[in-house]
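A closer look at the structure
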Amino acid sequence: MYAERASRLPGAIVWSRVPGPPAPGLETGRAGSGTDAGGAGPGEAFAAPFAAVLPDGCMDLLWTEGRLLVAGPDTGPYVPDEVPSAGWAGVRFFPGTAPTYLGVPADELRDRRVELTDLWPASEVRRLTALIDTAADPVTALEEVALGRAADSEQPDPVLLEVVAALDEGRPVARTADELGLGARQLHRRSLSAFGYGPKTLARVLRLQRALVLARDGVPFAETAIRAGFADQSHLAREVRELAGSTLGELVGRR
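For the structure given in this document, a descriptive report is provided here. (Residues numbered from 1 in each chain as written. Predicted model: local features only at pLDDT ≥ 70, side-chain atom pairs only at ≥ 80, totals over all residues. Heavy atoms only, no water.)

**Structural notes on the pattern of salt bridges**
- Going through the model one piece at a time under the given rule, you end up with 17 salt bridges.
- Note that E143 and R8 form a salt bridge whose closest N and O atoms lie 3.6 Å from each other. Here E143 is found in helix α3 (residues 138-151), whereas its partner R8 is found in the loop between β1 (2-6) and β2 (13-17), with 135 residues between them in sequence.
- Exposure remark for E143: the relative accessible area of 1% places this residue in the buried category.
- We note a salt bridge from E239 to R204, for which the minimum N-O separation is 2.7 Å. Here E239, found in helix α9 (residues 233-244), pairs with R204, found in helix α7 (residues 199-216); they are 35 residues apart in sequence, far enough to count as distant.
- With a relative accessible area of 8%, E239 lands in the buried category.
- In the salt-bridge network here, residues are joined through shared partners; they are R5, R8, E143 and E144. (Salt bridge = Lys/Arg side-chain N within 4 Å of Asp/Glu carboxyl O. Helix = DSSP H or I, 4+ residues; strand = E, 2+ residues; numbered from the N terminus. Buried < 20%, exposed > 50% of the residue type's maximum accessible area, 1.4 Å probe, protein only.)

**Some words on the side chain of S246**
- Tracing the backbone shows S246 in the loop between α9 and α10 (248-253).
- Of the residues examined, S246 reaches a relative accessible area of 2% and is grouped as buried.
- Of note is the side chain of S246, whose polar atom sits 2.5 Å from the side chain of E250. (Polar contact = N/O pair within 3.5 Å; in protein donor to acceptor, adjacent residues only side chain to side chain.)

**Some points on the side chain of D60**
- One can find D60 in strand β4 (residues 59-64).
- A distance of 3.3 Å separates a polar atom in the side chain of D60 from a polar atom in the side chain of R92.

Have a look at this one:
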């Protein structure tokens, strides 16, 4: 069963995917409201067993018994090989914040899942893994790890948070750069480090998430396309197929 809640870390989501009842304090249901993380919320993470994780502009700190991993930003659908018997827990960071907290540029992890020992000292990762493994509530223990890391890190660049807000409102990339006083190359370079890809890809990903929210709320697909910022329904269909590897109808049916 998948469940999620807002984290005490601003903009983040805490989630679990476990066999049986959800962890305490988490709301059950499908993932991917598109608004839970401040307008650029989580994608399709573990909405059903082996369901594809869709691009959402986010990175996750992941735990399953005995392991801590990091999920980098996706540019296409990612299908987990399996759901371990212990299940998964995760902290999904608001777009652009994880590189600051985790200490790694997002583009180095694009379309990858890596062991946390590849990024942090192995002794520290072993200590944290054991702490979470033995906790009464591993989901909350994982959140505490993320909160502690954030407290010891610099604050994420507020300009990059403004980039997310602007693109999630559907503003053009060029206009966003001008409004923030950034050159096109500078915005692209900073976006690679923060989001794992350039601002145009981020805009496409956020637009996809807006469309999913509308379609799942029952908005007709043609209207969804216009309201989400696509040229027309055909444009929407092409983008969903390219970014999600599926059709919008199939995605809406996964509840």
